[in-house]
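Listed here are the chains, written in short residue letters.
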Amino acid sequence: MSTYHEYEDVFCPPNTRHSRKDCIFRPSQENGTLVERFERFVREWDGLTPFDVHLTLQVPLMSTSDGMALHMTQIYNTTDAKNAWKRIAEKYGVQLGAKGVIEGRSYPRRFRSELVSKSIQRRICELTLLDYCCLNLPLPETCQGNHYKGPNGEQGQELSCQLQRNRIVPGIYPSK
């Protein structure tokens, strides 16, 4: 798959549309092909080389290159972005536009996220553990429990973080 049209043909098969415009707001018709590619990427990615802004953890963006925290006045959770933007506007006496703020994506997901396996969801939690710990975010239910291997390969470990020399570090590092 090397072009957008090839990608589009997976989530919006040619036999289900009259034109490519039909695909813009239609829920995905993909059969797991895109999820399979996504899962392969998550299994193979080392978590250390973000080549896209969406792969970058939040915590490093809130600290200097030597790990010192930047001064933050407020942190907002994007799961409630609409209300967070309202609170920010009220705080600074700013009026939001008629449309308010962007409410997530303007078109449906292109792959069916419900097809992503629990093992891959857990791998994503391992890769993003530093953000969960430092931002005090609860792990998704799928990631809670003794599903992980410890640093010496022992089964039955929980995801956790530890304080080492005034730095928060993952208790379990993702294996490649």
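In what follows, the accompanying structure is described. (Residues numbered from 1 in each chain as written. Predicted model: local features only at pLDDT ≥ 70, side-chain atom pairs only at ≥ 80, totals over all residues. Heavy atoms only, no water.)

So, on to unusual backbone geometry. Positive phi outside glycine occurs at Asn-136, with the angle close to 55°. Looking at the element boundaries, Asn-136 is found in the loop between helix 5 (129-134) and strand 1 (161-164). (Helix = DSSP H or I, 4+ residues; strand = E, 2+ residues; numbered from the N terminus.)

The next point concerns the environment of Trp-45. Counting through the fold element by element, Trp-45 comes out in the loop between helix 2 (33-44) and helix 3 (81-92). Relative accessible area serves as the criterion here: at 11%, Trp-45 is assigned to the buried category. For the pair Trp-45 and Leu-127, spaced 82 residues apart in sequence, the C-alpha separation works out to 9.2 Å. When sequence neighbours within four positions are dropped, the list of residues in contact with Trp-45 reads Pro-50, Phe-51, Leu-55, Arg-123 and Leu-127. One polar contact links the side chain of Trp-45 to the main-chain carbonyl oxygen of Thr-49, over a distance of 3.3 Å. (Buried < 20%, exposed > 50% of the residue type's maximum accessible area, 1.4 Å probe, protein only. Contact = heavy atoms within 4.5 Å. Polar contact = N/O pair within 3.5 Å; in protein donor to acceptor, adjacent residues only side chain to side chain.)

Okay, the state of the cysteines next. Applying the stated rule across the entire model yields two disulfides. Between the sulfur of Cys-12 and that of Cys-23 lies a disulfide, 2.1 Å long from S to S. Disulfide Cys-12-Cys-23: the torsion about the S-S bond is -75°, which places it as left-handed. In this pair, Cys-12 sits in the loop between helix 1 (4-11) and helix 2 while Cys-23 sits in the loop between helix 1 and helix 2, placing the two residues 11 residues apart along the sequence. A relative accessible area of 1% places Cys-12 in the buried class. With a sulfur-sulfur separation of 2.0 Å, Cys-125 is cross-linked through a disulfide to Cys-143. When the S-S torsion is 75°, as for the bridge of Cys-125 with Cys-143, the disulfide is right-handed. Of the two residues, Cys-125 is situated in helix 4 (residues 118-127) and Cys-143 in the loop between helix 5 and strand 1; the sequence distance between them amounts to 18 residues. An identical accessibility class is assigned to Cys-125 and Cys-143; each is buried. (Disulfide = S-S within 2.5 Å.)

The subject of this paragraph is the pattern of salt bridges. Once their charged atoms are close, side chains differing in charge can pair, the charge on each being opposite to the other. One pass over the structure, following the stated rule, counts four salt bridges. A salt bridge links Asp-9 to Arg-17; its shortest N-O distance comes to 2.8 Å. Residue Asp-9 is classed as partly exposed on the basis of its relative accessible area, which comes to 26%. In this structure, the salt-bridge partner of Asp-9 is Arg-20, at a minimum N-O distance of 3.2 Å. Placement of the pair is Asp-9 in helix 1 and Arg-20 in the loop between helix 1 and helix 2, with a sequence separation of 11 residues. (Salt bridge = Lys/Arg side-chain N within 4 Å of Asp/Glu carboxyl O.)

The method is simple in principle: a probe with the dimensions of a water molecule rolls over the atoms, and the space it marks as empty is what remains. Considering only enclosed or pocket space, the largest pocket measures out at about 2100 Å³ in volume. Elements that contribute at least two residues to the lining of the largest pocket include exactly helix 1, helix 2, helix 4 and helix 5. With seven residues, the single largest contributor to the lining of the largest pocket is helix 2. In terms of lining, the second largest pocket is formed by 20 residues, of which the most central are Val-59, Ser-63, Gly-67, Cys-134 and Ile-168. Secondary structure elements with two or more residues in the lining of the second largest pocket: helix 5 and strand 2 (167-170). For the lining of the second largest pocket, the leading source of residues is strand 2, giving three residues. (1 Å grid on protein atoms, 1.4 Å probe; cavity = no way out; pocket = protein on both sides within 12 Å on 5 of 7 lines; lining within 4 Å. Points joined across faces, edges and corners; volume = space filled by probe spheres on them.)

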